[in-house]
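If you want the building blocks of each chain, they are given just below.
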Amino acid sequence: MARKAPDQDAGEALRRFKSDLKAGTLGNFYIISGEEAFLRSHYVDLITKKIADGPAGEFNCHRFSADDCTPQALADAIDAMPMMAERTLVRVDDVDLFKQPEGAREQYAAIFSDLPDYCCVLFVYDTVEFKINGTMKKLAAAIREHAQILTFGKQSERDLCAWITRHFRAEGKTISDKLAGYLIFLTGGGMTQLEGEIKKISSYASGEEIQRSDIDAVGTPVLNEQTF
């Protein structure tokens, strides 16, 4: 069988993840990265609510950063049994696994290869880029075999237009595809920026259908002045 292109693999990973999230059958190891911060945050929040949102949610959620994450600390958190819940969540933010000393890399590889079903390990990358270094074979193999890697890149204009339309509809407003494209142009297409603009414009607009004058009146451009 021919090897699938990386973007196709990424798309399949995302579809599988969304299906598991909906069914409540999340796996036990996820790596979340990509430049679209809105989607990263959105899905991290959904994972957290699914796993650690019960009466003992705070007890069942363990979080680390580059300042305090070590193989031993991670292993101890993973070994901690859940309280009044089926699973625990261990979240690690912006730890570049491939820049760790060799001994630590080998320990992480061993940990990832033997994760218990009652724990979900979540590595989230915001200010640090996630990239597998294939020369570090043990760690690379452990991640490729056991992690579900979810990469949230910038969305296409078509997808953003559909998303903008849905969010205006939730505010009781409608918007044409042309004006949705204009709003994307003004904001640079970042979904966090767009979400705020949609709420602001919806509150300002007096009619049900959004007009360009509504956008121009309260919209906040993030690009240099250009002709649209």
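For the structure itself, consult the block above.
Residues numbered from 1 in each chain as written. Predicted model: local features only at pLDDT ≥ 70, side-chain atom pairs only at ≥ 80, totals over all residues. Heavy atoms only, no water.

### Section: the overall build of the protein
Which entries qualify depends on this criterion: Labels follow the DSSP assignment, with helices taken as runs of H or I lasting at least four residues and strands as runs of E lasting at least two, numbered in each case from the N terminus. The buried label applies to any residue whose accessible area, calculated with a 1.4 Å probe on protein chains only, is under 20% of its type's maximum; exposed applies above 50%, and partly exposed to all values in between. Between two residues, a contact is recorded if the distance between any of their heavy atoms is within 4.5 Å. Within this scheme the basic residues Lys and Arg register as positive and the acidic residues Asp and Glu register as negative, but His and the chain ends are omitted. Every charge is mapped to an atom, namely NZ of Lys, CZ of Arg, CG of Asp or CD of Glu.
Secondary structure summary: the protein contains 9 helices and 5 strands in total. Ordered by position from N to C terminus, the α and β elements of the protein give α-β-α-β-α-β-α-β-α-β-α-α-α-α. Viewed in the frame of its principal axes, the protein has a C-alpha envelope of about 60 × 45 × 40 Å. The buried share of the protein, taken over its 228 residues, is 42%. Sequence separation of at least 24 residues holds for 75% of the intrachain contacts in the protein that already meet a minimum separation of 6. Between the averaged position of the 27 positive side-chain charges in the protein and that of its 35 negative side-chain charges there is a distance of 5 Å.

### Some remarks on the nonpolar core
Rules: Here the nonpolar core consists of buried residues drawn from Ala, Val, Leu, Ile, Met, Phe, Trp, Tyr and Cys, with membership extended through side-chain atoms lying within 4.5 Å.
Membership of the largest hydrophobic core comes to 38 residues, with the highest contact counts inside it found for Ile164 and Ile215. Every element with two or more residues in this core is listed here: helix H1 (6-23), strand E1 (29-33), helix H2 (37-51), strand E4 (119-124), helix H6 (157-170), helix H7 (177-187) and helix H8 (191-204). Excluding residues within four positions of it along the chain, Ile164 makes contact with Ile175, Ala180, Leu183, Ile184, Leu194 and Ile198. Core analysis: the next-biggest nonpolar cluster, separate from the first, contains 30 residues, Phe29, Val92, Val121 and Ala142 among them.

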